[in-house]
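# Coordinate analysis (summary)
Chain residues, written in single-letter form:
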Amino acid sequence: MTSEEKSNHWDSLWQEYSKSLENWKTVFEQIQKATNEMQAKFNEVWEKAAKESSVDTMKTFGENWQKSLNEAGIKSFKEFGEAWQKSLNEANASTFKQVAENWQQTLNSSGMENMKAYGEMMKKFAETWNTMWPKYK
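Let us look at the structure shown here.

So, how was this worked out
- Every residue gets a number counted from 1 within its own chain, in the order that chain's sequence is written.
- With pLDDT at 70 or above as the cut-off, local features in this predicted model cover only qualifying residues; side-chain atom pairs require 80 or more to be listed or tallied, and sums for whole chains, interfaces and linings still use all residues.
- Note that the side-chain values use all heavy atoms of the structure and ignore hydrogens as well as water.
- We define a salt bridge as a contact between a side-chain nitrogen of Lys or Arg and a carboxyl oxygen of Asp or Glu at a distance within 4 Å.
- Counting from the N terminus, the helices are the DSSP runs of H or I reaching at least four residues and the strands are the DSSP runs of E reaching at least two.
- Between buried and exposed lies partly exposed: a residue is buried under 20% and exposed over 50% of the maximum accessible area for its type, with that area taken using a 1.4 Å probe on protein chains only.
- Throughout this description, the term nonpolar core refers to a set of buried Ala, Val, Leu, Ile, Met, Phe, Trp, Tyr and Cys residues connected via side-chain atoms within 4.5 Å.
- Aromatic pairs are defined between Phe, Tyr and Trp rings, using the six-membered ring for Trp, whenever the two ring centres lie within 6.5 Å; interplanar angles under 30 degrees are classed as stacked, those over 60 as edge-to-face, and all others as tilted.
- What a helix should span is 1.5 Å times the count of its residues minus one.

### What about the pattern of salt bridges?
Taken as a whole, this structure holds 6 salt bridges when the rule is applied. The closest approach of N and O atoms between Glu 37 and Lys 33, which form a salt bridge, is 3.8 Å. Here the residue Glu 37 and the residue Lys 33 both occupy positions in helix 1 (residues 3-52), the gap between them amounting to 4 residues, near one helical turn. Residue Glu 37 is classed as partly exposed on the basis of its relative accessible area of 45%. In this structure, the salt-bridge partner of Glu 44 is Lys 41, at a minimum N-O distance of 3.4 Å. Of this pair, Glu 44 and Lys 41 both sit in helix 1, 3 residues apart, which is roughly one turn of the helix. Glu 44 sits in the partly exposed class, given a relative accessible area of 46%.

### Let's talk about the nonpolar core
In this structure, Phe 42, Trp 46, Trp 65, Phe 80, Trp 84 and Phe 125 are the most contacted members of the largest nonpolar core, which totals 16 residues. Of all elements in the fold, only helix 1, helix 2 (55-72), helix 3 (75-90), helix 4 (93-109) and helix 5 (111-132) reach the threshold of two or more residues within this core.

### Let's talk about the packing of aromatic side chains
We describe a pair of aromatic rings using the distance from one ring centre to the other and the angle between the two ring planes. With the rule as written, the count across this model stands at 14 aromatic pairs. When the centroid spacing of 5.1 Å and the interplanar angle of 10° are considered together, the rings of Trp 24 and Phe 28 count as stacked. On the criterion of helical spacing, the pair formed by Trp 24 and Phe 28 is a turn pair, its members being 4 residues apart in helix 1. According to the relative accessible area criterion, Phe 28 is partly exposed, its value standing at 33%. Through a chain of ring-to-ring contacts, three or more aromatic side chains come together here, namely Phe 42, Trp 46, Phe 61, Trp 65, Phe 125 and Trp 129.

### With respect to helix 1
The terminal C-alpha atoms of helix 1 lie 73 Å apart, and with 50 residues this matches the ideal 74 Å at 1.5 Å per residue to within 8%. Among the residues of helix 1, those classed as buried are Thr 35, Gln 39, Phe 42, Trp 46 and Ala 49.

Shown next as structure tokens:
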């Protein structure tokens, strides 16, 4: 391979890498945006539910959600479940808010595993919600 061929190969390889990096950056930004939007809606739902539901209803929902998370068996869920149980014992809005904030901080700190766990957690939230308040068609 001549020096010009090596140079062209290097340039081509570098361009492919740069394009891959740009693609990754675009997808990452989309994931961040979608996560922030979903978290904002989750926070709205949670705040409304906390204001308009009885303590017993919130406790039942929390227990059902925790059970579904534990059945999913993800380590992050176990940690969330423990924090959730503590918040149920204290049963006030600021404690629930702290659990959500701690969960969000955990998600922001440790990569893909938590991204997957976050998606699964939100899926279980929706499934639990739908079992307690099914949509009527």
